Amino acid sequence: MQAVILAAGLGSRLGDIKKNLPKGFLYIESLHETLIERSLRLLKEAGIQEVIIGTGYENKAYNALADRLSAKDFKIITHKNEDFATTGSAYTLWCLRELITQDFLLLESDLVYEPLAIKALLQDERKDLVLASGTTRSGDEVYMSIVQDKLQDLSKDKTKLDSIDGELVGISKISLQSFVKLDCHSQNDYEYLLKGFDVLKIDNLIWCEIDCLEHLERAKKLIIPKILKKDSQ
């Protein structure tokens, strides 16, 4: 199984703290690694042997990372969305279509999460699976409406959904068979392509997205200490 990381975005909401690097290169002192390095490490530890990174903004940083971390048993491939400034994550995913040759895990580059997020998806026998959590109160939630364990709809606006049954984490498992049928040109954001997929909900999953300075402070104070505590158990 491959893994795909969507990492083309500008990350403008993080301001100068990114130091002119993609937001995946945000270094978290308490974790002793960047967001992207942590994801790559967890994927490797879970048995993933090939990772494709869809790049855009400052793609050379990812190229250098791939050169540094690729190994005989762990291959990292980068591919740039040349139109990253005017397109969304669905188009970045489409740009990777010739590199995706098997079932894969799909991740966003700005996530911090406990290893369970990946392990649970890999252990589940279902081929197409969207990871959901319980209530996070992060302030930037993508709410999910789930019917009979399938993703019915999702939105950041609660009023647009029939029910609120979980929150989107930003990690999914997609079969090659389903991927080739996705109409990546019909949506700006990839997650809306996953409607109808099965959902795996882990109520107490420890995770967060870091897309702005407020997210970063929340991660440092609330999320990362919980992850480190769980890692040490």
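See the structure shown above.
About the cut-offs
Residues numbered from 1 in each chain as written. Predicted model: local features only at pLDDT ≥ 70, side-chain atom pairs only at ≥ 80, totals over all residues. Heavy atoms only, no water. Helix = DSSP H or I, 4+ residues; strand = E, 2+ residues; numbered from the N terminus. Areas by Shrake-Rupley, 256 points an atom, 1.4 Å probe, with all protein chains shown as cover. Buried < 20%, exposed > 50% of the residue type's maximum accessible area, 1.4 Å probe, protein only. Pairing = 2+ DSSP bridges. Core = buried A, V, L, I, M, F, W, Y, C linked by side-chain atoms within 4.5 Å. Contact = heavy atoms within 4.5 Å. Salt bridge = Lys/Arg side-chain N within 4 Å of Asp/Glu carboxyl O. Phe/Tyr/Trp six-rings, centres within 6.5 Å; stacked < 30°, edge-to-face > 60°. Lys NZ or Arg CZ within 6 Å of the ring centre and 35° of its normal. Right-handed = clockwise from strand over helix to strand, strands pointing away. Arc of directions from axis to C-beta. 1 Å grid on protein atoms, 1.4 Å probe; cavity = no way out; pocket = protein on both sides within 12 Å on 5 of 7 lines; lining within 4 Å. Points joined across faces, edges and corners; volume = space filled by probe spheres on them. Nonpolar A, V, L, I, M, F, W, Y, C, P; charged D, E, K, R; others polar.

J.: So what's going on with the overall build of the protein? Residues and values would help.
T.: Per the secondary structure count, the protein includes 6 helices and 13 strands. Overall, the C-alpha framework of the protein stretches about 45 × 40 × 35 Å when taken along its three principal axes. Looking at the protein as shown, the accessible area adds up to about 11400 Å², and 47% of this sits on carbon and sulfur atoms.

J.: Run through the pairing of strand β8 (residues 129–133), naming residues and quoting values.
T.: Along β8, 5 of the 5 residues are buried, which leaves the element largely enclosed by surrounding structure. Both faces of β8 are covered, namely the face carrying L129, L131 and S133 and the face carrying V130 and A132. Where β8 and strand β11 (residues 166–174) come together, 4 bridges link them in antiparallel fashion. Among the inter-strand pairings, V130 is bridged to a residue of β11, identified as S172.

J.: Could you give me a rundown of the nonpolar core, with the residues and numbers involved?
T.: Within the largest apolar cluster, 33 residues are counted, with the highest numbers of intra-cluster contacts made by I5, L43, V51, L107, Y113, L131 and I171. Not counting chain neighbours up to four residues away, the residues in contact with L107 comprise A3, V4, I5, L6, S39, L43, Y113, I118, G170 and I171. Within the second largest apolar cluster, 26 residues are counted, among which are V4, V130, L151 and L193.

J.: Let's hear about the pattern of salt bridges: which residues, and what values?
T.: By the definition in use, this model includes 15 salt bridges. Here the salt bridges share partners, and the residues they tie into one network are E33, R38, R41, E45 and D231.

J.: An account of the packing of aromatic side chains is requested, with residue identities and associated values reported.
T.: Here the structure, examined in full by the defined rule, presents 3 aromatic pairs. Judged by centre distance (5.4 Å) and plane angle (90°), the ring pair of F104 and F179 falls under edge-to-face. Pair noted here: F104 is in strand β6 (residues 104–108) and F179 is in helix α5 (residues 176–179), with a separation of 75 residues, a long-range link. For R97, the ring lying beneath its charged end belongs to W94, and the centroid distance is 3.5 Å.

J.: Now, about the pairing of strand β4 (residues 50–55): what can you tell me, with residues and values included?
T.: Consecutive residues of a regular strand have side chains that alternate between opposite faces of the sheet. Of all 6 residues in β4, 6 are buried, a share of seventy percent or more. Burial along β4 is two-sided: E50, I52 and G54 facing one way and V51, I53 and T55 facing the other are all buried. Sheet topology places strand β1 (residues 2–7) next to β4; 6 bridges connect them, and they run parallel. Across the sheet, residue A3 finds its bridge partner in β4, namely V51. Bridge count between β4 and strand β5 (residues 75–80): 6 bridges; the pairing is parallel. Across the sheet, residue G54 finds its bridge partner in β5, namely H79. In this view, the connection linking β4 to its parallel neighbour β5 by way of helix α2 (residues 59–69) has right-handed handedness.

J.: So what's going on with helix α4 (residues 116–123)? Which residues, and what values?
T.: Because each turn of an α-helix spans 3.6 residues, side chains separated by three or four positions end up pointing in the same direction. When α4 is considered as a whole, its buried residues turn out to be A117, I118, A120 and L121. One side of α4 holds all its buried residues, which, seen down the axis, span an arc of 165°. The secondary structure elements touched by the buried residues of α4 are α1 (35–45), β6, β7 (111–113), β8, β11 and β12 (198–202).

J.: So what about the layout of surface pockets? Which residues, and what values?
T.: Taken as a whole, the largest pocket spans an internal volume of roughly 890 Å³. Examining the composition of the lining of the largest pocket, we find that 4 residues originate from one element, β11, more than from any other. Partitioning the lining of the largest pocket into residue classes produces 13 nonpolar, 14 polar and 13 charged. Its volume calculated, the second largest pocket comes out at about 270 Å³. Tallying contributions element by element places helix α6 (residues 213–231) first for the lining of the second largest pocket, with 4 residues. Of the residues in the lining of the second largest pocket, the class split is 5 nonpolar, 5 polar and 4 charged.

J.: Kindly report on the environment of A3, identifying the contributing residues and their values.
T.: Inspection of the secondary structure assignment puts A3 in strand β1. On the basis of relative accessible area, A3 is assigned to the buried category, the value being 0%. Put simply, A3 and G88 are 85 residues apart on the chain and 19 Å apart in space, counted from C-alpha to C-alpha. Once residues lying within four places of it in the same chain are set aside, the contact partners of A3 are L43, I48, E50, V51, I52, F104, L105 and L107.

J.: Which residues make up the environment of G139, and what values do they have?
T.: Along the chain, G139 falls in the loop between β8 and β9 (143–147). Along the chain, G139 and A71 lie 68 residues apart, while their C-alpha atoms are 39 Å from each other.

None of the figures reported here should be taken as evidence of function without further support.
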